[in-house]
Amino acid sequence: MRFGIHMPLKGGFEKNVRRCLEIGCNTLQIFAGNPTAWQAAKLNELELVGRKKLLEEHNIAPLIIHAAYLINL
C-alpha cells in the first residue's frame, strides 16, 4: 500500500519531495501549475529529468498531477 499527500507549489518540487519523505509518504500529488489559472508552468527537459531522478532515488511513485480547478467550471 502506498500513502501520499497533495502538495502545494510553494517552495518548489524538491521541497515537496523532502516534505513527503519527512512524513513517511511514498507517493505524491502536485498541481501542474497555478491551480486557478489557465496558463501552465513552462518546464525544460533538464528540469523534468532531474525531477524524475529525484522521485526514483526516493522510491516515490506514482506522481499524480492535479489539474487546474478551472476545468471544473
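Everything quoted here is computed from the prediction, not taken from an experiment.

Peer 1: Would you explain helix α2 (residues 45-57) in this entry?
Peer 2: Because an α-helix completes one turn every 3.6 residues, residues spaced three or four positions apart along the sequence face the same direction. Over its 13 residues, α2 runs 18 Å from end to end, which matches the ideal 18 Å to within 8%, given 1.5 Å per residue. Here α2 starts with a cap whose side-chain oxygen sits 3.1 Å from the backbone nitrogen of L46, and that cap is N44. N59 occupies a position one or two residues after α2 and carries a positive phi of about 55 degrees.

Peer 1: I'm lost on the side chain of T27 in this one. Help?
Peer 2: Structurally, T27 is set in strand β2 (residues 27-31). The class of T27 is buried, set by a relative accessible area of 12%. The contact partners of T27, leaving out residues within four places of it in the chain, are R2, F3, G4, I5, C20, I60, A61 and P62.

Peer 1: Explain the packing of helix α1 (residues 13-22) against α2 to me, please; I cannot follow it from the model alone.
Peer 2: Any two packed helices are characterised by how steeply their axes cross, that is the angle between the axes, and by the distance between the axes. Two numbers describe how α1 lies on α2: the axes approach to 11 Å, and their chain directions differ by 10 degrees. Considering the angle they form, α1 stands roughly parallel to α2. Residues F13, E14 and V17 of α1 form the contact with α2, whose own contacting residues are R51, L54 and L55. Residues belonging to the contact of α1 with α2 are distributed by class as follows: 4 nonpolar, no polar and 2 charged.

Peer 1: Explain the nonpolar core to me, please; I cannot follow it from the model alone.
Peer 2: Across soluble globular proteins, nonpolar side chains have a tendency to be buried as a group. In terms of nonpolar packing, the biggest core is built from 10 residues, these being M7, F13, V17, C20, C25, L28, I30, L54, L55 and I60. Within the residue set of this core, elements represented by two or more residues are α1, β2 and α2. Here this core gets 3 residues from one element, more than from any other, and that element is α1. Ignoring sequence-local partners within four residues, the contact set of C25 consists of F3, G4, I5 and C20.

Peer 1: For this particular structure, what's the right way to read the packing of aromatic side chains?
Peer 2: In this description, a pair of aromatic rings is defined by centroid distance and the angle of the planes. Across all of its chains, the model carries 1 aromatic pair by this definition. On the basis of an interplanar angle of 75 degrees and a centroid distance of 5.4 Å, the ring pair of F31 and Y69 is categorised as edge-to-face. Linking F31 in strand β2 with Y69 in the segment after β3 (63-66), this pair joins segments that are 38 residues apart in sequence.

Conventions used here
- Residues numbered from 1 in each chain as written.
- Predicted model: local features only at pLDDT ≥ 70, side-chain atom pairs only at ≥ 80, totals over all residues.
- Heavy atoms only, no water.
- Helix = DSSP H or I, 4+ residues; strand = E, 2+ residues; numbered from the N terminus.
- Expected span 1.5 Å × (residues − 1).
- Polar contact = N/O pair within 3.5 Å; in protein donor to acceptor, adjacent residues only side chain to side chain.
- Buried < 20%, exposed > 50% of the residue type's maximum accessible area, 1.4 Å probe, protein only.
- Contact = heavy atoms within 4.5 Å.
- Axes fitted to C-alpha atoms, helices over the stretch in contact; angles between N-to-C directions.
- Parallel < 35°, antiparallel > 145°, perpendicular 65-115°, else oblique.
- Nonpolar A, V, L, I, M, F, W, Y, C, P; charged D, E, K, R; others polar.
- Core = buried A, V, L, I, M, F, W, Y, C linked by side-chain atoms within 4.5 Å.
- Phe/Tyr/Trp six-rings, centres within 6.5 Å; stacked < 30°, edge-to-face > 60°.

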